[in-house]
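Fold and contact review
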Amino acid sequence: MTALEEISSLSDVPVEVEVELDRKVMSISAILDLDVDSVIRMTRSAGENIDILIGGTLIGFGEIVIIEDAVGVRITDFNREE
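Description of the structure in this document. (Residues numbered from 1 in each chain as written. Predicted model: local features only at pLDDT ≥ 70, side-chain atom pairs only at ≥ 80, totals over all residues. Heavy atoms only, no water.)

A few words now on the sheet that holds strand β2 (residues 50-54). Reading across the sheet, the 4 strands line up as β1-β2-β3-β4 and stay open at both edges, with antiparallel pairing between neighbours. Unpaired on one side and paired on the other, β1 (17-20) and β4 (70-78) mark the two borders of the sheet. Along the sheet, successive strands turn relative to each other by an average axial angle of 40 degrees, direction set aside. (Pairing = 2+ DSSP bridges. Helix = DSSP H or I, 4+ residues; strand = E, 2+ residues; numbered from the N terminus. Axes fitted to C-alpha atoms, helices over the stretch in contact; angles between N-to-C directions.)

Here we take up the pattern of salt bridges. If the charged atoms of two oppositely charged side chains come close together, the side chains can form a pair. Applying the stated rule across the entire model yields 2 salt bridges. The residue Arg23 makes a salt bridge to Glu20 at a minimum N-O spacing of 2.9 Å. For Arg23, a relative accessible area of 63% gives the class exposed. A salt bridge links Glu63 to Arg74, with the nearest nitrogen and oxygen atoms 2.5 Å apart. With Glu63 in strand β3 (residues 57-67) and Arg74 in strand β4, this residue pair connects regions lying 11 residues apart in the sequence. Overall, the relative accessible area of 26% leaves Glu63 in the partly exposed class. A residue is classified by how much of its surface remains accessible, and Arg74, at 45% relative accessible area, is partly exposed. (Salt bridge = Lys/Arg side-chain N within 4 Å of Asp/Glu carboxyl O. Buried < 20%, exposed > 50% of the residue type's maximum accessible area, 1.4 Å probe, protein only.)

Attention now moves to unusual backbone geometry. A positive phi angle, close to 75 degrees, is found at Asp37, a residue other than glycine. Within the secondary structure, Asp37 is located in the loop between α2 (28-32) and β2. We note that Glu68 has phi near 55 degrees; this positive angle belongs to a residue other than glycine. Note that Glu68 resides in the loop between β3 and β4.

Note that Asp22 resides in the loop between β1 and α2. Look at Asp22 and you get buried, because its relative accessible area is 19%. With sequence-adjacent residues up to four places away left out, Asp22 is seen in contact with Met42, Thr43 and Arg44. (Contact = heavy atoms within 4.5 Å.)

Before going further, it helps to examine the pairing of β3. Pairing between β2 and β3: 5 bridges, direction antiparallel. Bridge pairing links Ile50 to Gly62 in β3. Relative to β4, β3 runs antiparallel, the two being bridged by 8 bridges. When the bridges of β4 are listed, Val65 appears paired with Gly72. Connecting the antiparallel pair β3 and β4 is a turn made up of 2 residues, with Glu68 showing a positive phi of about 55 degrees.

This is the structure:
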């Protein structure tokens, strides 16, 4: 039996997937100054990989894609570190 066959009974268990574009530390006063249309500058550039996490654990990388009027994430690689 393969590993995928062994865990097939878990295939319907919902899992929360997070896509992390970047992180930024801001002061409370800077947060209170935010308004609609405010822009928060980040360190990552367009085209760079974004992190994909499950349960707070990095499981892979992706890139933002736009398909018609929807935004999605294309998985580009899986984290193979243990």
